[in-house]
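Here is what each chain is made of, one letter per residue.
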Amino acid sequence: MDAQKIMEWKDQAEALLAERGPRTSEQMAELTHVRPAEAYQLLEAMTEEGRLFKTRKERYALPETLGLLRGRLQGNARGFGFLIPEKEDVQDVFIPADAMNGALHGDTLFVRIVNAERREGEVVRVLTHANDVIVGTFETDGPAAYVVPDERRIASDVYVSRDDRSGAKNDDKVVVRVTQWGKGGRGPRGRVIEVLGNKDDIGTDVKSLIRQHKLDEEFPQNVLAAAAALPQEVDPKDIPGRVDLRETLTFTIDGATAKDFDDAVSLEKTESGWTLGVHIADVSHYVTPGSALDREAYKRGTSVYLLDRVLPMLPEALSNGLCSLNPDVDRLTMSCMMELNDDAQVLSYKVFPSVIHSHARLVYDDVSRLLTEGDEAGFTPELAQTLRSMNDVAKKMRAARFERGALDLDIDEAVITLDERGIPTSIEREEHGPANELIEEFMLKANECVARFAKEKKLPILYRVHEDPDPEKLHTFATFLTNLGYPIKGLKGDKVSPKALQAVLDASRGTPEQDIISRLMLRSLQKARYAPQPLGHFGLAAPDYCHFTSPIRRYPDLMIHRILSGLVRGEEPSELQKQFGRFAPKAAAQSSATELTAMQIERDCEDCYKAEYMKDRIGESYDGIISSVTSFG
């Protein structure tokens, strides 16, 4: 039976079981006219997938007909947990500690409701374990040894026998592989597979976070080999068919320590206003669908930027070499060229493959100094004038964006400086100068244009969506603001415009409560995510938005480039729908999940360094703001 027929048989089996109730494999073989052995194998596979449940009487049934719910376990440090059902319209289920039956945080499982009134259940079966390896602190208690998980929602310590300690000592951070899952009140058993170092050693916490989030520091050999096989420079044969922009004054602006440059900009005066060019490294030319590089990029989803290292989405040969828009070399790009009027409004735009030759690698601080102090050191007269013109255009774009209602939360970010030993020596507020804002505005505008283009052409891209605030969170936040003297004008039922929220931010600017209002507003908003549908972007007040400008470090951008390249090659949107339409929802979910993981580890890593910085300052007094009140601690 080929793959298509297997899919059809499984669908038929589900329909029959929904109609006739639980059946044995022999009965299903007779109903579907296949050999008994084949029916048994297919039904067992469906049971492993979680599509069916096998009863004690060897009958196969749809889980819902047996009163079972499938979902993911959200654990709690106190031992109990909640089932988060896969179906969005189903309520969560509380699971007491004595009904967990060995399940751990993150596991996918079946739960049976035992008390409908209290919405309480018990774990019936674990389908997949999320934590086959666990990171934690190795602790000894007499002759016994345990690993206490760093993830507090895993409430069970892992017992480690004397033969499975791999030289771990008390207070070491370790990685333990679970060899036996807990059952009947007993916790899991495991074997130490890596000792990361003493918990108080510099850098051990960061290593622990990387292992805890299951991130890879190294690329597989086949991926490195694929990157190494690519040319080190642009092949002249790849240039015909592209718009040649090598004579156009083009440059990059990035941080002083940046090594991968995936966006360059250009600006030229026209009779009607300006031609703004945003030129993005054409990574899709080298990372082809289904290749080893593509599979690894999809798995990683995004580059992760930690204070002392980067875990890139693509190997260095690409991210810092062939696909980095380094100065004074030819590079293949995808360009979004926008015709602007004198008010910096977009009159028209084009998206096409190009080749550029970056004329300079500029640094944010230097450009900001030029724009604020007039310091032209290191700039040619033409470059300095172009940057001033860019700044004027960006200011008009920024003003127009806020005028339409985009939010400006203006939340302070920390810049942590490490010495050569990896010890934090200072924590400062991150400064955003006019150069940062210039690049931000140009990238936002290019992303909007590409999203609009993709929507018009019905291309199966991943949109960057930010939905309207959750009504419950919105009303809680509105009550808080009213008590503080900042009522939301324009709140109608469960709906509010971003412009109304921005008015609150403007009213609180410069006051002691500005920071707390910004932070609580951020918490009350939905999280931005990727989706195959154009659902709009609330925070930007934009009807259509996507991520196009960073294919070196984000998979959705790479996917968009790939689809745009297919369109330029002459493929019809209907053909591209066939190629990418079914993949898009899966890619959206994967990209959203990897982004959340990256944000969490970056935040956790920053917290570790802040704690390290402050541990020698215990007893000192500082001014602070209460940002929330919790029921613990």
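Before reading further, recall that the structure is shown in the block above.
Residues numbered from 1 in each chain as written. Predicted model: local features only at pLDDT ≥ 70, side-chain atom pairs only at ≥ 80, totals over all residues. Heavy atoms only, no water.

J.: Would you mind going over the overall build of the protein with me for this structure?
T.: Across its full length, the protein holds 16 helices and 25 strands. Whereas a compact globule of 633 residues would reach a radius of gyration of roughly 26 Å, the protein reaches 28 Å, a difference of no more than 12%. Once the C-alpha set of the protein is aligned to its principal axes, its extents read approximately 85 × 70 × 55 Å. Here the protein holds 633 residues, and 47% of them are scored as buried. Within the protein, residue pairs in contact and separated by at least 24 positions form 65% of the contacts whose partners lie at least 6 positions apart. Element-wise, carbon and sulfur atoms account for 48% of the exposed surface of the protein, whose accessible area totals about 32,400 Å². Positive and negative side-chain charges of the protein, numbering 81 and 104 respectively, have mean locations separated by a distance of 6 Å. (Helix = DSSP H or I, 4+ residues; strand = E, 2+ residues; numbered from the N terminus. Rg over C-alpha atoms; globule rule 2.2 N^0.38 Å. Buried < 20%, exposed > 50% of the residue type's maximum accessible area, 1.4 Å probe, protein only. Contact = heavy atoms within 4.5 Å. Areas by Shrake-Rupley, 256 points an atom, 1.4 Å probe, with all protein chains shown as cover. Lys, Arg positive; Asp, Glu negative; His and termini not counted. Charge placed at Lys NZ, Arg CZ, Asp CG, Glu CD.)

J.: Hey, could you run me through the nonpolar core in this one?
T.: Considering soluble globular proteins, one finds that nonpolar side chains tend to be buried as a cluster. With 90 residues, the main nonpolar core has F251, L387 and F442 as its most contacted residues. Considering every element that reaches this core, the biggest residue donor is helix α10 (residues 434–457), with 11 residues. If we skip the residues at most four places from it in the chain, L387 touches F251, I253, L362, V367, L370, L371, F379 and L438. The next biggest cluster of nonpolar side chains, apart from the first, holds 20 residues, and it includes L474, A478, L520 and M521. (Core = buried A, V, L, I, M, F, W, Y, C linked by side-chain atoms within 4.5 Å.)

J.: Looking at this structure, I do not really get helix α11 (residues 471–484). What am I missing?
T.: Along an α-helix, residues three or four apart share an orientation, since each turn contains 3.6 residues. With 14 residues, α11 should cover 20 Å at 1.5 Å per step; its first-to-last C-alpha distance of 20 Å lies within 8% of that length. Among all positions in α11, only L474, F477, A478 and L481 are buried. Here the buried residues of α11 occupy an arc of 105° about the axis, which is enough to place them on one side. Among the exposed residues of α11, those pointing more than 90 degrees away from its buried face are E472, T476 and N483. Those residues of α11 that are buried are in contact with α12 (498–508) and α13 (514–524). By the N-cap criterion, in which a side-chain oxygen at the helix start approaches the backbone nitrogen of a residue two or three places on, α11 is capped by D470, the distance to E472 being 3.2 Å. Within two residues after α11, G485 carries a phi angle of roughly 95°, on the positive side. (Expected span 1.5 Å × (residues − 1). Arc of directions from axis to C-beta. Polar contact = N/O pair within 3.5 Å; in protein donor to acceptor, adjacent residues only side chain to side chain.)

J.: Help me understand the pairing of strand β11 (residues 172–180) in this model?
T.: Across a regular strand the side chains alternate sides, sitting on one face of the sheet and then on the other. Two strands pair when backbone bridges link them, and strand β8 (residues 133–141) and β11 are joined in this way by five bridges, in the antiparallel orientation. Note that in β11 the partner of V135 across the bridge is V175. Examined bridge by bridge, β11 and strand β12 (residues 189–198) share eight bridges and lie antiparallel to one another. Within the sheet, the bridge partner assigned to V175 lies in β12 and is E194. (Pairing = 2+ DSSP bridges.)

J.: What is the right way to look at the pattern of salt bridges in this model?
T.: Pairs can form between side chains of opposite charge once their charged atoms are near each other. Here the structure, examined in full by the defined rule, presents 47 salt bridges. With its nearest N and O atoms 2.7 Å apart, the salt bridge here joins R309 to D308. For R309, a relative accessible area of 23% gives the class partly exposed. D308 sits in the partly exposed class, given a relative accessible area of 34%. Each of K10, D11, E14, E49 and R51 takes part in one network of salt bridges that share partners. (Salt bridge = Lys/Arg side-chain N within 4 Å of Asp/Glu carboxyl O.)

J.: Please clarify how the packing of aromatic side chains should be interpreted in this entry.
T.: Taken as a whole and assessed by the stated rule, the structure comprises eight aromatic pairs. Measuring from ring centre to ring centre gives 5.5 Å for Y298 and F583, while their planes differ by 45°; the resulting arrangement is tilted. Residue Y298 is located in helix α6 (residues 292–300), and its partner F583 is located in helix α16 (residues 583–614); the two are separated by 285 residues in the primary sequence. With centroids separated by 6.5 Å and ring planes inclined at 20°, the aromatic side chains of F477 and F480 adopt a geometry described as stacked. Here F477 and its partner F480 are both found in helix α11, three residues apart, which amounts to about one turn of the helix. Using a relative accessible area of 29% as the deciding quantity, one classes F480 as partly exposed. One aromatic cluster is present, built from ring pairs that chain together F80, F82 and F94. The ring of W274 has K269 lying over it, and the distance from NZ or CZ to the ring centre is 4.8 Å. (Phe/Tyr/Trp six-rings, centres within 6.5 Å; stacked < 30°, edge-to-face > 60°. Lys NZ or Arg CZ within 6 Å of the ring centre and 35° of its normal.)

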